[in-house]
Structures are given as C-alpha cells and as structure tokens.
Amino acid sequence: MKIQKKHILGAALILALGAAVFINWRFSDSGNVKPTAKELGAATYVSRDAEATADEAKKGELTPQEKLAKIRTERSQAQDKALDSAKNILSLSDSSDEAKAEAARQAGVIERRIMSQSNIENILITKGFTDALCFLSDGGCTVSVREADMEKDSPLIIKDVVMSQTDVAFNDIVIVEL
C-alpha cells in the first residue's frame, strides 16, 4: 500500500501538535500547587551527625532560570522537528501540489507561532520580567514567568502583551508562575 504524502504530513503535524500539547500540559499544572510549611509526606533529611541544611536538600532541584532554559530547549526541538517534517514534504518531487500547499501553509503557521512566542517573551522581559516563556497553540496561550516577578498588575500586563501579538482571547491565556 502506497503511503501518500498528505498522510505523512498529517502524521507529522499531529505528532508536533501532540508534543506541543504535552509540553503545555506538563508545565501548566506544575505551577498551580504551592507547598506549605508543613506538608503531609514531606521528607526530612537527617544524618547521624547533623540535619541537612535547606541548601543541601534542594541541591537536586532546578532553579527557575534552569527550568525555563530546559523548557525553552525542549520547545525549540519540537518546533524544529515539525518544521523539518513540513520542509521534507515540500522537497519531495513526487508530492502532489495539494500536499505541498498544505505543508507550506503548516510551515507558515509554525513560523508565525515561533515569531509571536519570541515577541511576547522579549516584550515581557522589556516590561520588567526577569524571564518569560510562551507557548502558543490553537486553543490559547500559556505564559510562564518567575514567581518573584509577579506583582498585583502583572497578569493584566502579560495578557495585554499576548493579546497585542496574537488573536488569543483574554480567557484563553494561562499564566504559570515558576
């Protein structure tokens, strides 16, 4: 059975969308829970000689900057993979004109999202946030910022920036604090 190029393009786009949704889901839920001083089941590090300091206990944890850098790298890899798939279909000589047009359209959508994400992140940094990370999808936008940067009017600033750069509705913008 011969696999048509539009099926390959469709599968590649579904994989890219799935990766974007997974990354969005993975990091949007992690910022909603705030630990309390005494949390049920929390481990206490004790040695025979002395109790471990807070710095020693947190040695394995990533800082917010390291988390954002890691997420940014993963997002870039997923977007690059999706763009490469679309470009491969465009370069195949036996692809139909319809498949090539769809691949070009999808590549354009991905490139516009990448530019919008970059613009949103840069504008938020110029507005006083230490670092920002933006994920755009068909259903909305998720913006991750450091908890230390959040002030009373920060959500409105973030949503205003996103709405100025995209067509995402106010209620479809999610803010995650790291």
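Rules and cut-offs
- Residues numbered from 1 in each chain as written.
- Predicted model: local features only at pLDDT ≥ 70, side-chain atom pairs only at ≥ 80, totals over all residues.
- Heavy atoms only, no water.
- Patch = residues over 30% accessible without salt bridge, like charges linked within 9 Å, V, L, I, M, F, W, Y side chains within 5 Å.
- Areas by Shrake-Rupley, 256 points an atom, 1.4 Å probe, with all protein chains shown as cover.
- Salt bridge = Lys/Arg side-chain N within 4 Å of Asp/Glu carboxyl O.
- Helix = DSSP H or I, 4+ residues; strand = E, 2+ residues; numbered from the N terminus.
- Axes fitted to C-alpha atoms, helices over the stretch in contact; angles between N-to-C directions.
- Left-handed = near helix turned anticlockwise from the far one by under 90°.
- Contact = heavy atoms within 4.5 Å.
- Nonpolar A, V, L, I, M, F, W, Y, C, P; charged D, E, K, R; others polar.
- Phe/Tyr/Trp six-rings, centres within 6.5 Å; stacked < 30°, edge-to-face > 60°.
- Lys NZ or Arg CZ within 6 Å of the ring centre and 35° of its normal.

Glancing now at a nonpolar patch on the surface. Taken together, L156, M163 and F170 make up a surface patch of nonpolar side chains, about 290 Å² in accessible area. Within the element layout of this structure, M163 appears in helix α5 (residues 154-165).

With that out of the way, let us pick up the packing of helix α4 (residues 97-126) against α5. Here α4 crosses α5 at 145°, and the two axes come no closer than 10 Å. Viewed along their axes, α4 and α5 form a crossing whose handedness is right-handed. Residues S116, N119, I120, I123 and L124 of α4 form the contact with α5, whose own contacting residues are I158, V161, V162 and Q165. Class assignment for the residues of the contact of α4 with α5 results in six nonpolar, three polar and no charged.

Any pair of aromatic rings gets described here by the distance separating the centres and the angle formed by the planes. Under the counting rule described, the total for this entry stands at zero aromatic pairs. Residue placement shows K159 over the ring face of F170; its charged tip is 4.3 Å from the ring centre.

Geometry only, nothing functional implied.
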